Amino acid sequence: MTVDPDLLRRPEQELFRTPEAVSGFAEHRALDIRRPFPPVILEPQVDWAWNPYGDKTWCLYWHSLYWVHAIDETILRHPEREAELAELLRDLVMSYVDFFAGGGESVDQVLDDHAVSYRLSHVAFVYARHLAGRLSPGEDARLRAFALRHLEILRGYLASDRWLYSNHTLFQIEGTLDGALAFLEGDARQEAYDFALAEFAAWTGRCIDAEEGSAAEHAAFYHIFLMARIRDFALYAAPLVGEAKVAFALDLVGKMAPFLWDMSVSLGKLPGFGDSKHDMFVGPKYLKPFLKAPYRNELTDALAAPPETRSPRAGLACYPRKGYYFARSGSGAREMMLSVMDKPFVGPHGHVDGLSFELYRARQPLLVDSGGPYKYGNKLRFQYFRKPLGHNGLIVEDGQHDYVSRVTRATHAGGRSLIKGLAKVAPGLVWRRGFVLLRGDHLVLLDVIEGDREGRSAYLRLQTAPGAGTDETGDGTGRVLHVTPPKSDPFSIRVFQAAGAPFDPAAMPAPAPFAPDGTPGGRSLHDIALVTSRDNYFAEAPVLRIPLETGALMVTIVSPGLADLPGCEVSRGTDGTRIALPAAEGPGHALEIRHLLDDEGRLFDFRMSATDGRT
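It should be emphasised that the depicted structure is a prediction, and the values quoted were computed from it without experimental measurement.

1. Some thoughts on the sheet that holds strand β17 (residues 479–484)
Then, in step 1: Strand order in the open sheet made by the eight strands is β11-β12-β13-β14-β21-β18-β17-β16, with antiparallel pairing throughout. Both edges of this open sheet fall to β11 (405–413) and β16 (469–474), since each of them pairs with a single strand only. Neighbouring strand axes in the sheet, compared pairwise and without regard to direction, differ in orientation by 15 degrees on average.
Then, in step 2: Bridge count between strand β13 (residues 429–438) and strand β14 (residues 442–451): 10 bridges; the pairing is antiparallel.

Here is the structure:
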């Protein structure tokens, strides 16, 4: 049986088909297994249980064997070394086969689903390209037993419910197809193909909402990652199973494109929600295929325009089934973008961040998400980045609470966007939040909690951009924080209580210091924000804490470009509050807040509307 190696998937092979990777291996047998870790030297006698950095992520990619493509690429660029390096590949593969059969399944990360999927794909490629015809009958039988065991493991993974909404299911499907192509024949191969395609159809149906084009991963980067991987899978699988059987996947990717542009800050620049780096740019590897028809739309062109001429259509893009809301207003230097996270559920790469948000102006971050992940095996990933504590939301006690949320209203009119939602954040405690984006001038937050705090600390958390300078003052209205971001104009954050029984913020219980392993300097994460700047690294950012008492309606006004907020007027009444705010151009804004009281006269909810109004 002869298999064309170019038909195999070979995931992430491109990382090792570079001049740098070939030079490092050809000259020193150096392999850059996973950054940011230094390269390692491939020894003549490989210890497959090796983990020189004690890191699970490095270990996972070591056992994926995707680095064999550095050797294959060296053969392509140095054909005079083919006999030597093909023999090395034979020794490496058979050594790993024997390690695996001799108890290797119990070694850390060997049976990680990612490693199993990739390993079978890459071993299938090496076999098809270099080893078929080179192995003795005994070696061939051992290798096939190894491959069949991997196919069995992957089938078990696909039959479980652990990765129902995860991109890892796609890795498992690709590994199954590659293993079937290289090591099965006839009816057995066809049955594996049919099984893999049925799993692919079921997985895309679960993970991608065909109506919205939104993904259940709940992370900015993973949306475009899935677009690229689903497209690549369809192109890869078509020669194996026929184009007709995977055409629906390309149609689905087309439906995902509007979401990509709606969430983008500018072309290629994504927000940092979920397991995504803060203020990240995606490279041509992911973006380039979608810059042409049928994926482009009018917003794509606006995102690509220079900041001073860019004028994206003001509006509110709603994706309620998966929980995303993107509001835009203003243009040029006054363009504002608000991303609001709703969490009817928490996806595989999502965080507990329902009703949290990010705010950009003129493409630069003002209030930011911490992003992530920060080292898969690190406690900060699970106790900070994925928890409420790493987001612009309500923090109860140590910020480790889990909750889901529900947006109950989302409208746009007159250049103003209104979003409102609620979440049961802790036993007996309901949080209600409203967002009002007022053209290119202001973001207004309305927050109230209902229920008994039972002595628990509770505060609203706002995280400014890394490197921002802050200076807090006060006036007759409330607290005022002046913020000077590193890349944008200064802005103000004004906080005051609009309704409810007056309370003294200084008398509220302060959160106990919280510093999991890995926190810089052991400082409390209630006092600083850690923002993922690149893989496995983070930058520190200032935090504003706003204590919140039950039944107190807190108003937070974020005013980019109007740092001193001249002309802000607040009129309070028992049944409502009116806030008049200035505008940089044209008439000002009037925000009407109606108080909703319970039978005992305590505030538990609010209604809001925004119109033109001169201050």
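2. Details of the pattern of salt bridges
Then, in step 1: A full pass over the atoms with the stated rule returns 47 salt bridges.
Then, in step 2: Between R334 and D441 there is a salt bridge whose closest N-O contact spans 2.9 Å. With a gap of 107 residues between them, R334 in the loop between β6 (324–329) and β7 (336–341) and D441 in the loop between β13 and β14 connect regions that are remote in the sequence. Considered together, R334 and D441 belong to a single accessibility category, that of buried residues.
Then, in step 3: Linking D612 and R439 is a salt bridge whose minimum nitrogen-to-oxygen distance equals 3.3 Å.

3. Points about the environment of D504
Then, in step 1: Looking at the secondary structure, you find D504 in the loop between β18 (491–499) and β19 (528–534).
Then, in step 2: Of the residues examined, D504 reaches a relative accessible area of 47% and is grouped as partly exposed.
Then, in step 3: Along the sequence, D504 and P547 sit 43 residues apart, while their C-alpha atoms lie 9.1 Å from each other.
Then, in step 4: Here A506 takes part through its backbone nitrogen, which lies 3.0 Å from a polar atom of the side chain of D504.

4. Brief notes about the packing of aromatic side chains
Then, in step 1: Scanning the entire structure with this criterion turns up 38 aromatic pairs.
Then, in step 2: Where F221 meets Y222, the ring centres are 5.4 Å apart and the plane angle is 75 degrees; that geometry is what we call edge-to-face.
Then, in step 3: A relative accessible area of 17% means that F221 is categorised as buried.
Then, in step 4: The interplanar angle of 40 degrees and the centroid separation of 5.7 Å between the aromatic rings of F221 and F225 together place this pair among those described as tilted. Placement of the pair is F221 and F225 together in helix α9 (residues 220–241), with a separation of four residues, close to one helical turn.
Then, in step 5: By relative accessible area, F225 is classed as buried at 8%.
Then, in step 6: A connected cluster of aromatic rings, assembled from ring pairs, spans F37, W48, W50, Y53, W58, W62, W67, Y96, F99, F100 and F146.
Then, in step 7: Positioned above the aromatic ring of F382, the side-chain terminus of R381 is 5.4 Å from the ring centre.

What counts and what doesn't
Residues numbered from 1 in each chain as written. Predicted model: local features only at pLDDT ≥ 70, side-chain atom pairs only at ≥ 80, totals over all residues. Heavy atoms only, no water. Pairing = 2+ DSSP bridges. Helix = DSSP H or I, 4+ residues; strand = E, 2+ residues; numbered from the N terminus. Axes fitted to C-alpha atoms, helices over the stretch in contact; angles between N-to-C directions. Salt bridge = Lys/Arg side-chain N within 4 Å of Asp/Glu carboxyl O. Buried < 20%, exposed > 50% of the residue type's maximum accessible area, 1.4 Å probe, protein only. Polar contact = N/O pair within 3.5 Å; in protein donor to acceptor, adjacent residues only side chain to side chain. Phe/Tyr/Trp six-rings, centres within 6.5 Å; stacked < 30°, edge-to-face > 60°. Lys NZ or Arg CZ within 6 Å of the ring centre and 35° of its normal.

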